[in-house]
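Reading the structure
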Amino acid sequence: MLTNLLANYAVDVVEPYVKWISISLAAIVLIAVVILYFVNNDVFKQVFKVATFVLVVYALVVTIFMLILDIAKHYNSAYLDKNYVSKDVIYYVLIPVAATLFLSLVSLVAIYVLKTKNYAKTKTLTKICLCVCGAMLLASLVTIFIYYARHIEGDGYYTAKGTNFNQIALYASAILLIAVEIAIVFVIDKRHTPLNTNEIARAGICLALAYALSYVKLFSNPQGGSMTLASMLPLMLFSYFYGTRKGVFLGLIYGLLQSLQNPYIIHPAQFLLDYPIAFSMIGLAGTFKNLKNLPHAVRFGLGGVLAGVMRFLSSFLSGVFAFGAYAPTGQSVWVYSLLYNSVILLDAALAVAIGILLNYNKNFRKLF
């Protein structure tokens, strides 16, 4: 009993501090790296590598720590009963995820240490670590899918009559959208160049701006989703100027970060649709960059509209097949999801409108 109380207290008290300390640390590192980028490019490259390593290790340590606290909290039978959660979530979801993250942390630190000491077989060890971590990740995904396949149908709330909950449709929607996105990216963007130092720095700035703007919410929905102060705009601009491949990748990272900010997750496929897939769609803003016969503002506007619509579609399908239980009595889940997720279209419209105005300015385009 005392352990449960301490775990609950630790989660409720520590979590806000961890979140703001993490945001502050990331901001400090980003500002320092950006200053070095303009002052001394050689020093910037060295500091950037170290800063990236430190931030990744810090993120893994914090995530593992919070997961351990969360596991301790979920051992409370009263909490499980109150929230209609099976204790299996500990063994099928939380522990596998924590183990995967811990293995990744150990592998990353080991590779970094051996690389700094110029160990001859570092590349071989890196490949082994990637294979082991990949296998562990795959095993974790299997256990997570097993948990949801067993328990979501017996929940009785999301799967009640008329809620339209459909696991097969959720998985199919996720796979279809990923296929469409990949097809658009590979057909439109023929470039295979990796991110260079300049692009990495600008990607970090755009990511930080987008994440900061996402906290300025003009309107929020109860089950997640909000209209922000053009938080999609930095990612759209990055995609437009540096290509859809890099834009989609940056949007994917942003989606994972968003999943840490007040997440609302009831199913793995719903998680994919609402976070990684939805936000990676923002990277499609650069789709029409190569239409040279059109002004920059028009090209950006067309790409921004496509990105906004695709992001909306991802969340819309999630709303139809996962959150039908929240639809008012007598209302179609399709209409409910359309109305609920319309805030995404408003959010995208604001970002596109500002982006169009900015792209009319030649001096602004020179910044990229």
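So, a few notes on the structure that sits alongside this text. (Residues numbered from 1 in each chain as written. Predicted model: local features only at pLDDT ≥ 70, side-chain atom pairs only at ≥ 80, totals over all residues. Heavy atoms only, no water.)

Turning our eyes to something else, we now look at the overall build of the protein chain. Secondary structure summary: the protein chain contains 14 helices and two strands in total. Buried residues in the protein chain amount to 42% of all 368 residues. Roughly 19500 Å² of accessible area belongs to the protein chain as shown, and the carbon and sulfur atoms make up 72% of that amount. (Helix = DSSP H or I, 4+ residues; strand = E, 2+ residues; numbered from the N terminus. Buried < 20%, exposed > 50% of the residue type's maximum accessible area, 1.4 Å probe, protein only. Areas by Shrake-Rupley, 256 points an atom, 1.4 Å probe, with all protein chains shown as cover.)

We now examine a nonpolar patch on the surface. A cluster of nonpolar side chains, namely Leu137, Leu138, Leu141, Val142, Phe145 and Ile146, defines an oily patch on the protein surface of about 480 Å² accessible area. Here Phe145 is to be found in helix α5 (residues 122-151). By relative accessible area, which is 31% here, Phe145 ends up partly exposed. (Patch = residues over 30% accessible without salt bridge, like charges linked within 9 Å, V, L, I, M, F, W, Y side chains within 5 Å. Salt bridge = Lys/Arg side-chain N within 4 Å of Asp/Glu carboxyl O.)

As a further point, take the nonpolar core. Ranked by internal contacts, the top residues of the largest apolar core, which has 60 residues, are Tyr158, Met236 and Leu284. Elements supplying a minimum of two residues to this core: α6 (167-188), α7 (197-213), α8 (233-242), α9 (244-258), α10 (268-274), α11 (276-280), α12 (296-322) and α13 (333-359). Take this core: its biggest share by element is nine residues, from α12. Core analysis: the next-biggest nonpolar cluster, separate from the first, contains 16 residues, Ile64, Leu94, Leu101 and Tyr147 among them. (Core = buried A, V, L, I, M, F, W, Y, C linked by side-chain atoms within 4.5 Å.)

For the structure on display, the rule yields two salt bridges. Of the charged contacts in the structure, one is a salt bridge between Glu199 and Lys246, with a shortest N-O distance of 2.8 Å. Here Glu199, found in helix α7, pairs with Lys246, found in helix α9; they are 47 residues apart in sequence, far enough to count as distant. Residues Glu199 and Lys246 agree in their burial class; the two are buried. In this structure, the salt-bridge partner of Arg311 is Asp347, at a minimum N-O distance of 3.8 Å.

Let us now look at unusual backbone geometry. Of note in the backbone geometry, Ala230 takes a positive phi value of approximately 55 degrees without being a glycine. Here Ala230 is to be found in the loop between β2 (226-228) and α8. For Ala230, a relative accessible area of 4% gives the class buried.

The next subject is the packing of α8 against α9. Look at α8 against α9: their axes get within 7 Å of each other, and the N-to-C directions meet at 155 degrees. Put simply, α8 runs roughly antiparallel to α9. Packed against α8, whose contacting residues are Leu235, Phe238, Ser239 and Tyr242, the element α9 presents Thr244, Lys246, Gly247, Leu250, Gly251 and Tyr254 at the interface. Class assignment of the residues belonging to the contact of α8 with α9 gives a composition of five nonpolar, four polar and one charged. (Axes fitted to C-alpha atoms, helices over the stretch in contact; angles between N-to-C directions. Parallel < 35°, antiparallel > 145°, perpendicular 65-115°, else oblique. Contact = heavy atoms within 4.5 Å. Nonpolar A, V, L, I, M, F, W, Y, C, P; charged D, E, K, R; others polar.)

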